[in-house]
Structures are given as structure tokens and as C-alpha cells.
Amino acid sequence: MDKVVATAPAAVADVPDGASLAVGGFGLSGVPNVLIQALHERGVGGLGVVSNNCGAMETGLAVLLAAGRIARVTGSYIGANKEFARQYLAGELEVELIPQGTLAERLRAGGAGIPAFYTPAGVGTQVAEGGLPWRYDGSGGVALASPPKEVREFDGVEYVLERAIRTDFALVRAAKGDRHGNLVFNRSARNFNPLAAMAGRITVAEVEELVEPGEIDPDAVHVPGVFVQRVVPLTPEQAADKKIERRTVSASSARGTVNG
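Residues numbered from 1 in each chain as written. Predicted model: local features only at pLDDT ≥ 70, side-chain atom pairs only at ≥ 80, totals over all residues. Heavy atoms only, no water.

To keep it simple, the criterion reads: UniProt positions are given in the numbering used here, feature names are shortened, and annotations may be inferred rather than shown by experiment.
Looking at an unreviewed UniProt entry, the protein chain carries the name CoA transferase subunit A, with the source organism given as Streptomyces sp. 900105245. On record in UniProt, under Sequence similarities (unreviewed entry), the comment for the protein chain is "Belongs to the 3-oxoacid CoA-transferase subunit A family."

## With respect to the pairing of strand β13 (residues 200–207)
Definition in use: Working definition: with a 1.4 Å probe on protein chains only, accessible area under 20% of the residue-type maximum means buried, over 50% means exposed, and in between means partly exposed. What counts as a helix is a DSSP run of H or I of at least four residues, what counts as a strand is a run of E of at least two, and both are numbered from the N terminus. Only strands joined by at least two bridges in the DSSP assignment are considered to pair.
When you tally the buried positions in β13, you get six out of eight residues, the bulk of the element. Here seven bridges tie strand β10 (residues 167–174) to β13, and the two strands are oriented parallel to one another. By the bridge assignment for β13, phenylalanine 169 is matched with isoleucine 202. Summarising the sheet, β13 and strand β15 (residues 230–233) pair through four bridges and their orientation is parallel. When the sheet's bridge partners are listed, valine 207 is paired in β15 with proline 233.

## Examining the nonpolar core
When a protein is soluble and globular, its nonpolar side chains tend to lie buried together. This is how it is decided: Nine residue types can take part in a nonpolar core, namely buried Ala, Val, Leu, Ile, Met, Phe, Trp, Tyr and Cys, and a core is a set of them joined through side-chain atoms within 4.5 Å. We call two residues contacting when some pair of their heavy atoms lies within 4.5 Å.
Grouped together as the largest cluster of nonpolar side chains are 35 residues, with contacts concentrated most on Val15, Leu35, Leu39, Ile70 and Phe84. At the level of secondary structure, the elements contributing two or more residues to this core comprise α1 (8–11), β1 (20–23), α2 (33–42), β2 (47–50), α3 (61–66), β3 (70–75), α4 (82–89) and β10. Once residues within four sequence positions are removed from consideration, phenylalanine 84 is found in contact with Cys54, Leu65, Val73, Tyr77, Ile78, Leu93 and Val95. Listed in part, the 22 residues of the second largest apolar core include Leu103, Leu195, Val223 and Val231.

## Focus on the layout of surface pockets
Quick note on the threshold: Points on a 1 Å grid over protein atoms alone make up a cavity when a 1.4 Å probe fits among them but cannot get out, and a pocket when they form an open set with protein on both sides within 12 Å along at least five of seven lines; lining residues each have an atom within 4 Å of a point. Grid points are joined across faces, edges and corners, and a volume is the space filled by probe spheres set on the points.
Computed from the structure, the largest pocket encloses a volume of approximately 460 Å³. Around the largest pocket, the lining comprises 24 residues; the ones closest to its centre are Leu28, Gly30, Arg173, Asp241 and Lys242. Counting only elements with at least two residues in the lining of the largest pocket, the list comes to α2 and β10. With three residues, α2 is the largest single contributor of residues to the lining of the largest pocket.

## Remarks on the packing of aromatic side chains
Formally: Side-chain rings of Phe, Tyr and Trp, where Trp is taken by its six-membered ring, are said to pair if the distance between their centres is within 6.5 Å; with planes under 30 degrees apart they count as stacked, over 60 as edge-to-face, and otherwise as tilted. Only lysine NZ and arginine CZ atoms are considered, and such an atom sits over a ring when it is within 6 Å of the ring centre and within 35 degrees of the ring normal.
What the rule picks out here adds up to four aromatic pairs. Residues tyrosine 118 and phenylalanine 154 carry aromatic rings whose centres are separated by 5.1 Å and whose planes lie at 65° to one another, so their mutual orientation is edge-to-face. In this pair, tyrosine 118 is assigned in strand β5 (residues 116–119) and phenylalanine 154 in strand β8 (residues 151–154), connecting sequence segments 36 residues apart. Using a relative accessible area of 31% as the deciding quantity, one classes phenylalanine 154 as partly exposed. When the ring centre of tryptophan 134 is taken as reference, the NZ or CZ atom of arginine 72 above it lies at 4.8 Å.

## A short note on empty space enclosed by the protein
To find leftover empty space, a probe the size of one water molecule is rolled over the atoms. Here is the rule we go by: Residues are sorted three ways: Asp, Glu, Lys and Arg are charged, Ala, Val, Leu, Ile, Met, Phe, Trp, Tyr, Cys and Pro are nonpolar, and all the rest, Gly among them, are polar.
Summed over all chains, the structure comprises two cavities of 30 Å³ or more. Taken as a whole, the largest cavity spans an internal volume of roughly 60 Å³. If you go around the largest cavity, the residues you meet are Val23, Gly24, Gly25, Phe26, Gly27, Val31, Ile36, Ser51, Asn53, Gly55, Gly60 and Leu61. Each residue belonging to the lining of the largest cavity can be placed in one class, and the counts come to five nonpolar, seven polar and no charged. Roughly 50 Å³ of volume is contained in the second largest cavity. Forming the boundary of the second largest cavity are Glu96, Leu97, Ile98, Val127, Leu132, Trp134, Ser146 and Lys149.

## Side note on unusual backbone geometry
With a phi close to 50°, aspartate 155 is a non-glycine residue in the positive phi region. With respect to the element layout, aspartate 155 can be found in the loop between β8 and β9 (157–163). The phi torsion at arginine 187 lies on the positive side, around 50°, for a residue other than glycine. For arginine 187, the location among the structural elements is in the loop between β12 (183–184) and α7 (193–199).

## Observations concerning the side chain of arginine 173
What counts is decided by this rule: In the analysis that follows, any N or O atom pair within 3.5 Å is treated as a polar contact, provided that within protein one partner can donate a hydrogen and the other can accept it, and provided that, for residues neighboring in sequence, both atoms belong to side chains.
Position of arginine 173 relative to the elements: it lies in strand β10. Given a relative accessible area of 4%, arginine 173 falls into the buried group. A polar side-chain atom of arginine 173 sits 3.1 Å from a polar atom in the side chain of glutamate 208.

Structural data, given as C-alpha cells:
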């Protein structure tokens with residue numbers, strides 16, 4: 001039952017070239033940076049990544065992307081990642097962009113053993129009809145386009161069939177975890193990490209705080225240990241290394257004045 005692995009390199013030592021990975025995180029929040037860096041140092045390539053976004057500010061999945069280690073991305077947001085956009089438009093990267101809620105449910109369904117589901121998101125668009133560019137040819141043309149999906153009517157409303165996502169591995173970052181793999185996430189880090197953890201056949205969690213079994217209130221557990229195979233405790237320095245994507249501050253008030 002003790003799922004603790006001493007180091008991140010040891011925890012990802014069996015991830016092969018071409019593996020599929022579900023990776024948690026939302027923006028720069030809750031990103032398993034230590035595990036991603038360990039994969040980068042191993043030189044693993046040809047990866048198929050499923051994640052809300054593909055990193056930013058040269059951190060997170062952007063480390064693997066910049067090194068040319070990612071072959072395909074299934075996600076819902078490119079954002080300000082210029083290298084992601086460049087590789088996509090140049091035909092170097094295959095990208096399946098899907099609605100964010102659909103991505104979340106495809107991951108959850110994979111973890112719950114549900115092979116597919118119907119959703120109204122995307123009906124009447126190329127999401128359902130096909131033709132979205134998955135890969136460009138480098139000259140502005142489309143080398144590979146998305147196929148059409150089944151559309152079915154329920155109670156007079158059309159819905160599109162979406163398949164669940166299962167991956168070879170999942171990498172997540174938790175605020176707290178115990179030796180049995182029970183995990184707790186903090187605020188925005190909870191958006192995609194639990195779903196990614198459920199979708200992986202082998203799930204590896206880096207945890208900022210490792211506690212003993214029984215120290216986490218069962219009602220506080222966000223992901224039960226049944227979904228987690230390996231737990232990597234972070235050092236205090238690793239746990240404290242959290243970047244801010246966009247720092248915003250308010251103008252300071254003149255002395256003696258009160259805002260509001």
C-alpha cells in the first residue's frame with residue numbers, strides 16, 4: 001500500500017517514447033513541473049499529451065514542447081504560448097482542440113469506465129461536422145483534419161457523441177497526499193488534476209506535503225488512492241517554486257486616502 005517513490009526520475013523511469021500522458025494543471029496552477037522536468041532529462045519523445053493547455057513562460061509542458069518531445073496535443077487552450085502556435089501552424093505538431101468542458105468530461109468518463117457520452121457542445125460546428133485542422137502541412141494547407149462525429153437527437157435536441165480519454169500515464173500535482181495515494185488539491189489546481197489522475201492507467205502524483213495514512217479527513221479527499229499508483233514527495237524548495245503567469249497589482253493609494 002505504500003506508493004511513495006523517492007525521486008521523480010525513478011517515478012517516470014518506465015515512460016517510453018510515444019507514450020500518452022494526461023497532465024494536470026490549469027494555467028500555471030497545479031502543474032506537475034518536477035515530473036515534467038524528469039521526463040525532459042530522460043530524453044523521452046514522441047509524446048501524446050492530453051492537458052488543458054501546453055505550458056507557458058518556459059515552464060510546465062512548455063519545457064517538453066520547446067525540446068520537440070511532444071508529437072500530439074489534445075487540449076482546449078493555446079493562449080499566449082507562441083511556440084505552441086508556431087509548431088502547430090508549421091505542421092510540426094498535431095493538435096486536437098476541443099471545448100474545455102468536453103475535455104474535462106472525456107477525462108472523467110475515461111476514469112469512470114464510460115466509453116463515450118453525448119453532449120450539446122459543438123453541435124452545428126466543425127467539432128461535430130469535422131474539418132478542424134489537426135495538422136497543417138507547413139504551407140498553410142491542412143494535412144490532417146478531424147473526422148465527423150455521430151450526432152443524435154434526444155427529446156428534440158441534437159447531441160454529439162464524444163469518446164472518453166484514457167492514457168498510458170497521468171502526471172499530477174497535489175497540495176497534500178498520503179502514502180496510500182489519497183490526494184487533496186488547492187483551489188484552481190483542482191480544475192483538471194483530479195480528472196487527469198482518473199484517466200491515467202498509471203498515475204504519478206507529486207505532492208507538496210506528504211502525510212501518513214489517516215491524517216487526511218476522508219471527506220477532504222479529492223482523488224482516492226485507487227486512482228494513484230505512485231507518490232513523489234517534493235522538497236520544500238520544489239513545493240515553493242510556483243510561478244505567476246500574469247502578475248497584476250493595483251496602483252498604490254496616496255498617503256492618507258482610503259479606497260472603496
